[in-house]
Amino acid sequence: MMKPKFGTMCVLVGSLLTITAVAYADDVDQHHPMTFIKDSAITSLIKTKLAAEHLSTLKNIKVDTDDKGVVWLSGYAPSQMLVDKSESIARNTDGVRAVKNNIVVKMD
């Protein structure tokens, strides 16, 4: 029988790999491959940090990073505290030069 901690860890790792794959698919820039790698890495890192903080709201928050290191947050969260926390996480991520926070508070 699988231990609960091991099973939870497997689910979390699988989720993080899926997030990275989605970021890769969303961020393709054929003209500047090095920019694409940097942008995707920033986006993936922010999504990973968001998942570690409040996994239940991650599905409602979209993260995009442009070629200048500007992160665009959009979607919704159930409280202003989570909106602010998401912005703080993005701002404190290496490579981020600015954050445009368009997350709105919306109760489910």
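Up top is the structure.
Bear in mind the structure is a predicted one, so any value in this text is a computation, not a measurement.

## A word on the pattern of salt bridges
- Per the stated rule, a full pass over the model turns up four salt bridges.
- For the salt bridge of D67 with K68, the shortest nitrogen-to-oxygen distance reads 3.7 Å.
- We classify D67 as partly exposed; its relative accessible area is 46%.
- K68 sits in the exposed class, given a relative accessible area of 55%.
- Linking E87 and R91 is a salt bridge whose minimum nitrogen-to-oxygen distance equals 2.8 Å. Here R91 and E87 lie together in helix α3 (residues 80-91), a separation of four residues that amounts to about one turn.
- R91 gets classed as partly exposed once you look at its relative accessible area, which sits at 45%.

## With respect to the environment of M107
- If you trace the backbone, M107 turns up in the segment after β3 (98-105).
- With a relative accessible area of 62%, M107 lands in the exposed category.
- Once the C-alpha coordinates of M107 and A77 are considered, the two residues, 30 residues apart in sequence, prove to be 7.3 Å apart.

## Concerning the packing of aromatic side chains
- Throughout the structure, instances matching the rule amount to zero aromatic pairs.
- Between K106 and the ring centre of Y76, over which it is positioned, the NZ or CZ distance is 4.4 Å.

Calculation notes
Residues numbered from 1 in each chain as written. Predicted model: local features only at pLDDT ≥ 70, side-chain atom pairs only at ≥ 80, totals over all residues. Heavy atoms only, no water. Salt bridge = Lys/Arg side-chain N within 4 Å of Asp/Glu carboxyl O. Buried < 20%, exposed > 50% of the residue type's maximum accessible area, 1.4 Å probe, protein only. Helix = DSSP H or I, 4+ residues; strand = E, 2+ residues; numbered from the N terminus. Phe/Tyr/Trp six-rings, centres within 6.5 Å; stacked < 30°, edge-to-face > 60°. Lys NZ or Arg CZ within 6 Å of the ring centre and 35° of its normal.

Spatial relationships are all this shows, so hold off on functional conclusions.
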